[in-house]
Amino acid sequence: MNQERSAQGQRLEARGIGPAVVELIRLAKSRIVLISPYFHPWGRLVEALMAAPARGARVTLVIRANQPFNERRHLALQKLSTAGVSIRQVPWLHLKMYLSDSAIIETSMNLVFSSMAKGYETGSLYTVHEAPVAYAERRAMVKECVEGSAPYLFGHAPLPAVGSIGIAPESPPKLQSSPHHGDAHPHEETRRSPAGPVASSRRNNPRAYQPWTDQEDSLAQDLFAQKVPLISIAQALQRTPKSVSKRLKRLGVIE
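A few points on the structure. Quick caveat: nothing in here was measured; it's all calculated off a predicted structure.

1. Quick word on the overall build of the protein chain
Broken down by element type, the protein chain carries 10 helices and 11 strands. A total of 255 residues make up the protein chain; the buried ones form 47% of that total. In the protein chain, of all internal contacts separated by at least 6 residues, the share reaching a separation of at least 24 is 71%.

Here it is in structure tokens:
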């Protein structure tokens, strides 16, 4: 791995960033946090992540919320979650940092195979021993990001963003057959929610105007009981805060 050492850390060459992330994961003893807005991993990265929880390391992956559904990514996330990796999300995430208990990588590279293999990227590695101040500063940023994140919801496959390539805006669903599952009264949805507002809402909240599932009801109530902010609950459920508030009222959780 070609690196340029400095008082601030080690500069990583573009083709060395991916291997450095994998090595960071493999050498971590107790804690790993990966913050990557976009996530389309390669084989060795998945292998390293799968092995980390088995040896006792606590692993958290934070990705960007509010992005179009991708089946390959979703399946990879499910596989990692089953192995013990905590998957979380933050809307409009741009930060890319990869932390272990002894080092942190700050980079322009997402954990995406094409970026790792062909992208023009830059990165720096900071270790506890060689750059303790820089490491501590960036660790604080990672902690703040994780604390502001919400769980990634696996109970359903999120809908693609309406208006994206190949996805045409659609009219709001008619929910008269099961009015207790909707975000709003069914007559209000069909009367007051033309396709434009629905499409706009779903670009940022893919589950907007979709029927509520029992798992979503349970998760919303559990998070609210843990005093998770309403906006974070909405992020986890990929709905609007107003919709979550209405649902919690309907469930009798709040007045």
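Once you've had a look at it, read on.
2. Quick notes on empty space enclosed by the protein
Scanning all chains against the criterion turns up 1 cavity of 30 Å³ or more. Taken as a whole, the largest cavity spans an internal volume of roughly 80 Å³. As for the largest cavity, its lining consists of 12 residues, of which Arg64, Gln67, Arg73, Tyr152 and Gln238 are closest to the centre. With 3 residues, the single largest contributor to the lining of the largest cavity is strand 5 (residues 58–65). Here the residues of the lining of the largest cavity are counted per class, giving 6 nonpolar, 4 polar and 2 charged.

3. Remarks on helix 2 (residues 43–54)
The end-to-end C-alpha separation of helix 2 is 18 Å, in line with the 16 Å expected for 12 residues at 1.5 Å each. Buried within helix 2 we find Leu45, Val46, Ala48, Leu49, Ala52 and Pro53. End-on view of helix 2: buried residues confined to an arc of 165°, all on one side of the axis. Turned more than 90 degrees away from the buried face of helix 2 sit Arg44, Glu47 and Ala54, all of them exposed. Looking at the packing, one finds that the buried side of helix 2 touches helix 1 (17–27), strand 3 (31–35), strand 4 (39–40), strand 5, helix 3 (71–83) and strand 9 (111–112). Downstream of helix 2 by one or two residues, glycine 56 has phi in the positive range, about 100°.

4. Here we look at the pattern of salt bridges
Going through the model one piece at a time under the given rule, you end up with 6 salt bridges. The residue glutamate 106 makes a salt bridge to arginine 138 at a minimum N-O spacing of 2.8 Å. Separated by 32 residues along the polypeptide, glutamate 106 in strand 8 (residues 103–107) and arginine 138 in helix 5 (residues 132–147) bring together distant segments of the chain. Given the relative accessible area of 28%, glutamate 106 is considered partly exposed. Given a relative accessible area of 15%, arginine 138 falls into the buried group.

5. Remarks on the side chain of threonine 60
Within the secondary structure layout, threonine 60 lies in strand 5. Looking at threonine 60, its side chain comes within polar contact range of the side chain of arginine 31, at 3.1 Å. In this structure threonine 60 touches Arg31, Ile32, Val33, Leu34, Ser86 and Arg88, once residues within four positions along its chain are discounted.

6. Digging into the nonpolar core
Residues Ile25, Phe39, Leu45, Leu61 and Leu111 are the most contacted members of the largest nonpolar core, which totals 33 residues. Of all the elements in the fold, those that place two or more residues in this core are helix 1, strand 3, helix 2, strand 5, helix 3 and strand 8. Looking at this core, the element that brings in the most residues is helix 1, giving 6 residues. Among all residues touching phenylalanine 39, those that are not within four sequence positions of it are Leu45, Leu49, Leu61, Ile63, Arg73, Leu77, Leu80, Leu111 and Val112.

Calculation rules
- Residues numbered from 1 in each chain as written.
- Predicted model: local features only at pLDDT ≥ 70, side-chain atom pairs only at ≥ 80, totals over all residues.
- Heavy atoms only, no water.
- Helix = DSSP H or I, 4+ residues; strand = E, 2+ residues; numbered from the N terminus.
- Buried < 20%, exposed > 50% of the residue type's maximum accessible area, 1.4 Å probe, protein only.
- Contact = heavy atoms within 4.5 Å.
- 1 Å grid on protein atoms, 1.4 Å probe; cavity = no way out; pocket = protein on both sides within 12 Å on 5 of 7 lines; lining within 4 Å.
- Points joined across faces, edges and corners; volume = space filled by probe spheres on them.
- Nonpolar A, V, L, I, M, F, W, Y, C, P; charged D, E, K, R; others polar.
- Expected span 1.5 Å × (residues − 1).
- Arc of directions from axis to C-beta.
- Salt bridge = Lys/Arg side-chain N within 4 Å of Asp/Glu carboxyl O.
- Polar contact = N/O pair within 3.5 Å; in protein donor to acceptor, adjacent residues only side chain to side chain.
- Core = buried A, V, L, I, M, F, W, Y, C linked by side-chain atoms within 4.5 Å.

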